[in-house]
Amino acid sequence: MAAAFKGRREDRRLVSGGGRYTADWNLPGQLHAAFLRSDRPHARIVAIDAQAALAAPGVVAVLTGEDTLAEGIRNAPPMLPYPGRGGQPIKLPPRSVLATGRVSHIGQEVAMVVATTALAAADAVERISIEYSDLPAVIDAEAALAPGAPLAHPEVPGNVCFDFDYGDEARVKEIFAGAARITRVKLDSQRICGVPMEPKACLASYDAQQGVYDFWSSTQGITMMRGSVAGYGIAPDKVRPRAQDVGGGFGIRSGAYPEYIAVMIAAKKTGRPVKWVGSRSETFVSDHHGRAIRLSGELAMDEDGHFLAARYEWVCNQGAFPSGPGPLINTVTPKLTPNGVYRIPAVYGRNRLVLTNTTPITAYRGAGRPDAAYLLERLVEEAARESGIDRVELRRRNLIPKDAFPYTTPTQSAYDSGDYEALLDEVLARSDWEGFEARRAEARARGRLRGIGCAVFLEPAGGAGPKDQAMLKFGSSGEMTLYSVTGPSGQGHETVFPEVVGRELGVPPELITLRASDPDGPPLDGFGTVGSRSMGAHGGAALLAAREVVRKGLELAAKELEVAAQDLEFAGGRFRVKGTDRSLALVELARRHAGKGAVHPLDATADNAAGATFPSGAHVAEVEIDPRTGAVEVARYTGVDDCGVVVNHTLVEGQVQGGIVQGAGQVLGEHCVFDEGGQLLTGSFMDYAMPHAGLIGELRLYDHPVPSPRNPLGVKGVGESGTTGSLPTLMNAILDALRPAGVRQLDMPATPARVWAALRAAAGARQPPRG
Amino acid sequence: MTVNGNKVSHEAEDRTLLVEFLRDTLGLTGTHVGCDTSQCGCCTVHVDGRAVKSCTMLVGQANGAQVRTIEGMAEGERLHPVQQAFTECHALQCGFCTPGMIMAVAGLLQDNPSPSDEDIIHGLEGNLCRCTGYINIVKAVKQASKTIGGA
């Protein structure tokens with residue numbers, strides 16, 4: 001069993017101020033960049049006059065969009081391996097690194113000043129004069145669909161850049177026509193800011209002889225960063241992405257932002273390293289946002305509450321430009337898991353991706369999964385209310401049974417493993433679901449509205465990419481370096497990947513050091529740290545590399561011990577001649593063969609082709625609402641999660657805790673708001689309701705592992721499942737609390753103002769004014 | 001001023017913030033900048049024994065002061081009890097907010113060695129974390145409180 005948690009390998013430096021985040025790196029002779037950003041949502045650029053900025057003290061260069069075009073920088077295409085409805089490809093508006101011709105959202109990068117100090121660069125930005133001619137802007141995605149709506153880009157008529165559908169439209173229509181019961185909901189998964197605590201920053205230097213950039217940034221992996229940079233037209237082998245510590249990723253750091261490319265060009269043009277450290281205000285407006293989806297759903301049941309068919313419609317605001325992951329994550333998830341944890345024989349969904357004059361949308365913790373789970377679990381909840389069937393019983397009646405795996409969805413996606421009913425049973429017991437009505441009554445006596453809600457959910461995790469590689473290289477005294485293209489941002493890979501290898505090799509994990517996404521390491525294939533894939537993909541590759549070490553070690557040890565390899569067994573870190581006490585430790589074997597050439601004979605590389613896993617969970621939340629203020633308090637939250645085999649319980653629990661509270665942030669307060677004129681109203685921590693300590697006080701989590709057959713470790717994804725579960729769980733609880741007061745409908749975020757207004761409206765509707 | 005026990009003397013532009021001076025002039029990059037509105041708490045340090053957000057002070061205002069940063073918390077190899085508690089309770093993930101959190105918590109426990117849950121939540125109001133959901137941070141504060149109280 002695992003030893004008691006004593007801290008991670010990363011922690012010593014991170015608690016001592018020894019972490020090195022992007023802004024902590026400096027290079028001799030570096031210059032500093034600052035950006036001029038659009039202060040309007042949609043306008044033609046009539047003229048840019050940078051003369052006064054160029055003449056300002058300390059200024060070395062001013063770059064505009066024309067300069068980036070002259071460098072051959074092109075529009076980075078999104079990752080989207082399939083066409084839309086009717087075979088139509090995505091429509092891409094032109095996008096340059098710095099705006100050319102027109103600006104399309106507030107905060108868009110228009111010009112960049114490079115100067116000897118950061119303050120000089122910021123001062124000079126004020127001296128750039130731009131003449132704009134305003135154009136009509138469109139902000140809301142549903143408004144953008146209306147006939148005659150202003151166009152975000154003239155190249156995309158109707159503002160729909162991608163129209164996608166899945167499932168069997170005709171069959172679903174037929175089933176709905178004959179169904180005994182139909183439940184409908186329409187929900188908003190509001191726009192969210194990712195807000196990693198480390199603001200966006202980068203540092204670039206250019207080696208003109210080799211034509212290679214060294215580039216420091218917050219990244220979710222070297223191959224992803226190289227791939228993203230390649231999208232702009234810079235060859236991947238011409239960039240050495242660097243990062244030691246990354247202050248949060250959450251999906252929004254999977255690609256290269258336009259600022260990164262501009263800073264690289266500036267380093268090339270000036271011949272000096274260029275550093276840019278964004279402010280939080282800039283990060284709020286220019287880090288790509290998440291969610292921003294209007295979700296509609298319909299569920300058809302028979303008289304007995306058996307689900308027959310589901311139909312969904314998503315209207316996805318993509319902002320001014322489709323981001324790298326935006327179109328993918330807004331279409332792939334609902335198709336992969338259209339029926340969630342339930343047997344629903346027929347499904348159909350249509351997702352329209354809409355361009356507006358707002359900040360682009362990208363993957364944000366969950367990336368479509370919380371939205372899918374929220375829609376389905378709200379539908380099931382409402383179906384129970386409308387039919388009068390108990391909400392737990394309705395779920396139980398429709399859950400996919402544990403003997404149905406691998407389970408194939410109506411859209412031909414294959415779930416790996418699970419036991420949803422066991423999760424539900426356990427969470428009901430652990431949360432004392434049965435005893436709730438007494439707690440509701442007790443709260444009522446105190447003047448509080450108490451509610452309970454549950455959700456049973458799953459999500460697709462991992463997959464993506466044909467294979468991930470890992471390499472183990474031996475040093476001079478038996479120690480090993482593990483190379484992987486994973487891109488950690490707090491998950492604890494430096495701790496847990498060596499644990500995986502150490503356990504397999506029977507050596508202390510301290511003998512193994514992870515070098516993640518090292519540009520000076522061996523070239524390895526693989527995808528980065530996104531989609532809750534790292535342990536299954538990279539951890540699995542590390543395990544296979546360790547097994548390869550053992551295989552090679554058997555051959556080598558056989559020679560040393562003068563026996564045949566098949567007479568040896570490997571256990572507890574030693575090669576032993578079967579049935580004898582003659583043995584040789586792996587570490588000793590490695591030492592004997594060290595220093596005999598560039599490659600150690602035990603060095604091993606492994607390929608891991610990990611498939612998608614489907615982590616699941618059953619969560620229960622209890623909330624209390626003060627009807628006088630509308631304030632919602634999460635009284636307790638219980639989660640039972642199947643994240644597959646748990647390699648390190650503390651780290652897994654940390655991921656689920658963080659994920660649940662991040663979801664609670666969306667449910668209870670976070671909302672990135674553009675006004676009708678396209679101005680960002682939530683541009684700082686003064687206006688954007690970040691979760692604070694105490695948002696969820698009592699949080700009890702339990703592992704319920706069902707191993708996955710899709711990767712060598714048997715793990716499932718864990719980074720995002722907490723967020724996926726907490727949206728429907730908390731909203732079901734809030735609506736349960738509000739239902740006795742007559743509130744049937746409430747959209748996230750359930751802020752005190754919204755809850756109070758909903759209670760007032762319901763009271764008004766129930767008690768018509770006298771007279 | 002004195003920083004982590006060392007006397008330092010530099011010329012600085014009037015508008016330089018204490019955090020900029022610590023990071024850019026002294027190279028003490030453990031103190032982080034996470035916002036521009038004094039709300040995230042990533043830049044928290046101790047000035048004359050009080051926890052202070054170092055983005056809220058001009059460096060001139062700290063002239064002659066005793067400043068302690070995260071780099072000055074451990075005694076040699078021995079971590080400060082708050083650093084130790086954060087490590088053992090898995091109260092950090094990406095670690096960006098951590099130095100400021102630790103300095104704020106050390107300040108809180110100095111003022112209130114045995115804080116209640118409510119005191120802790122109130123005490124952490126000025127520090128933001130995106131990774132942990134604060135669950136293990138609250139746990140670490142309680143553990144550190146016990147360690148310091150028992151020492």
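Residues numbered from 1 in each chain as written. Chains lettered and ligands numbered in written order. Predicted model: local features only at pLDDT ≥ 70, side-chain atom pairs only at ≥ 80, totals over all residues.

(A) Molecular detail of the overall build of chain B. Broken down by element type, chain B carries five helices and five strands. A compact globule built from 151 residues should have a C-alpha radius of gyration of about 15 Å, and chain B, at 15 Å, falls within 12% of that. Viewed in the frame of its principal axes, chain B has a C-alpha envelope of about 40 × 30 × 25 Å. Across the 151 residues in chain B, those meeting the buried criterion constitute 56%. Partitioning the intrachain contacts of chain B with sequence separation of at least 6 by distance along the chain shows that 64% fall at a separation of at least 24. (Helix = DSSP H or I, 4+ residues; strand = E, 2+ residues; numbered from the N terminus. Rg over C-alpha atoms; globule rule 2.2 N^0.38 Å. Buried ≥ 20, exposed ≤ 12 C-beta atoms within 10 Å, placed from the backbone. Contact = placed C-beta atoms within 7 Å.)

(B) Layout of the sheet that holds strand S2 (residues 43-49) of chain A. Residues and elements named next belong to chain A. Read from one edge of the open sheet, three strands run S4-S2-S6, paired in antiparallel fashion. Where the open sheet ends on each side, the last strands, each with one partner, are strand S4 (102-103) and strand S6 (129-134). By the bridge criterion, six bridges tie S2 to S6 in an arrangement that is antiparallel. Across the sheet, the residue bridging to Arg-44 is Ser-133, located in S6. (Pairing = 2+ DSSP bridges.)

(C) A look at the domain arrangement of chain B. All names here are of chain B. If you check the domain split of chain B, you get domain 1 (2-72) and domain 2 (81-150). With centres defined by C-alpha atoms, the gap from domain 1 to domain 2 works out at 21 Å. Every contact between the two is made by 15 residues of domain 1 and, on the other side, eleven residues of domain 2. Counting only elements with at least two residues in the side of domain 1 that touches domain 2, the list comes to strand S3 (44-47) and strand S4 (50-53). When residues in the side of domain 1 that touches domain 2 are grouped by element, the largest group, three residues, is from S3. (Domains from an automatic or database assignment.)

(D) The arrangement of the nonpolar core in detail. All names here are of chain A. Ranked by internal contacts, the top residues of the largest apolar core, which has 294 residues, are Val-113, Val-114, Val-263, Ala-266 and Ala-545. Top element by residues in this core is helix H17 (residues 534-561). It accounts for eleven residues. If we skip the residues at most four places from it in the chain, Val-113 touches Ala-33, Ala-34, Ala-53, Val-59, Val-62, Ala-121, Ala-124 and Val-125. (Core = buried A, V, L, I, M, F, W, Y, C linked by C-beta atoms within 7 Å.)

(E) Structural detail: unusual backbone geometry. Residues and elements named next belong to chain A. Each neighbour pair has its own omega, and for Phe-405 with Pro-406 the value is -5°, a cis peptide bond. Here the bond from Met-748 into Pro-749 is cis, since omega is -5°, no more than 30 degrees from zero. Positive phi is not limited to glycine here, since Arg-291 has a value of about 60°. You can see Arg-291 is positioned in the loop between helix H9 (280-286) and strand S13 (293-301). Residues other than glycine seldom take positive phi values, yet Ala-367 does so here, at roughly 45°. Relative to the assigned elements, Ala-367 resides in the loop between strand S15 (346-354) and helix H12 (369-387). Among the residues examined, Ala-367 registers 29 C-beta atoms within 10 Å and is labelled buried.

(F) Region of the structure containing the interface of chain A and chain B. With 43 residues of chain A at the interface, the matching set in chain B holds 43 residues. For the side of chain A that touches chain B, the elements supplying multiple residues, two or more each, are helix H1 (11-15), H9 and helix H19 (649-668) of chain A. Partitioned by chemical class, the residues of the side of chain A that touches chain B number 17 nonpolar, 19 polar and seven charged. (Nonpolar A, V, L, I, M, F, W, Y, C, P; charged D, E, K, R; others polar.)

(G) Quick look at the packing of helix H16 (residues 493-505) of chain A against H17 of chain A. All names here are of chain A. Packing of H16 against H17 brings their axes to within 9 Å, and their N-to-C directions diverge by 35°. Read as a crossing pair, H16 and H17 show a hand that is right-handed. Contacts between H16 and H17 pair His-493, Phe-497, Val-500, Val-501, Glu-504 and Leu-505 from the former with Ser-534, Gly-539, Ala-542, Leu-543, Ala-546, Arg-547 and Val-549 from the latter. A breakdown of the residues in the contact of H16 with H17 according to their chemical character gives eight nonpolar, three polar and two charged. (Axes fitted to C-alpha atoms, helices over the stretch in contact; angles between N-to-C directions. Left-handed = near helix turned anticlockwise from the far one by under 90°.)

(H) Quick look at helix H2 (residues 81-88) of chain B. In terms of burial, H2 of chain B is largely enclosed, as seven of its eight residues are buried. Elements that come into contact with the buried residues of H2 of chain B comprise H1 of chain A together with helix H3 (98-111) and helix H5 (135-150) of chain B. Positioned one or two residues after H2 of chain B, His-90 of chain B has a phi angle of 50°, which is positive.

(I) The packing of H12 of chain A against helix H20 (residues 721-738) of chain A, seen in detail. All names here are of chain A. Two elements in contact, H12 and H20, have axes separated by 8 Å at closest approach and are oriented at 30°. When the axis of H12 is compared with that of H20, the two are roughly parallel. For H12 against H20, the interelement crossing comes out right-handed. Residues Arg-369, Pro-370, Ala-373, Tyr-374, Glu-377, Arg-378 and Glu-381 of H12 form the contact with H20, whose own contacting residues are Thr-723, Thr-724, Gly-725, Leu-727, Pro-728, Met-731 and Asn-732. (Parallel < 35°, antiparallel > 145°, perpendicular 65-115°, else oblique.)

(J) Spotlight on the domain arrangement of chain A. Residue and element names in this part refer to chain A. Parsing chain A into structural domains produces domain 1 (25-135 + 212-265), domain 2 (420-459 + 612-771) and domain 3 (468-608). Between the C-alpha centres of domain 2 and domain 3 the distance comes to 42 Å. Tallying the contact residues gives 13 residues for domain 2 and 14 residues for domain 3. Each residue belonging to the side of domain 2 that touches domain 3 can be placed in one class, and the counts come to six nonpolar, six polar and one charged.

(K) Seen up close, the confidence of the model for chain B. Of the residues in chain B, 99% have a pLDDT of 70 or more, and the chain-wide mean is 97. Reported confidence for the predicted complex is 0.98 by ipTM and 0.97 by pTM. (pLDDT = per-residue confidence, 0-100.)

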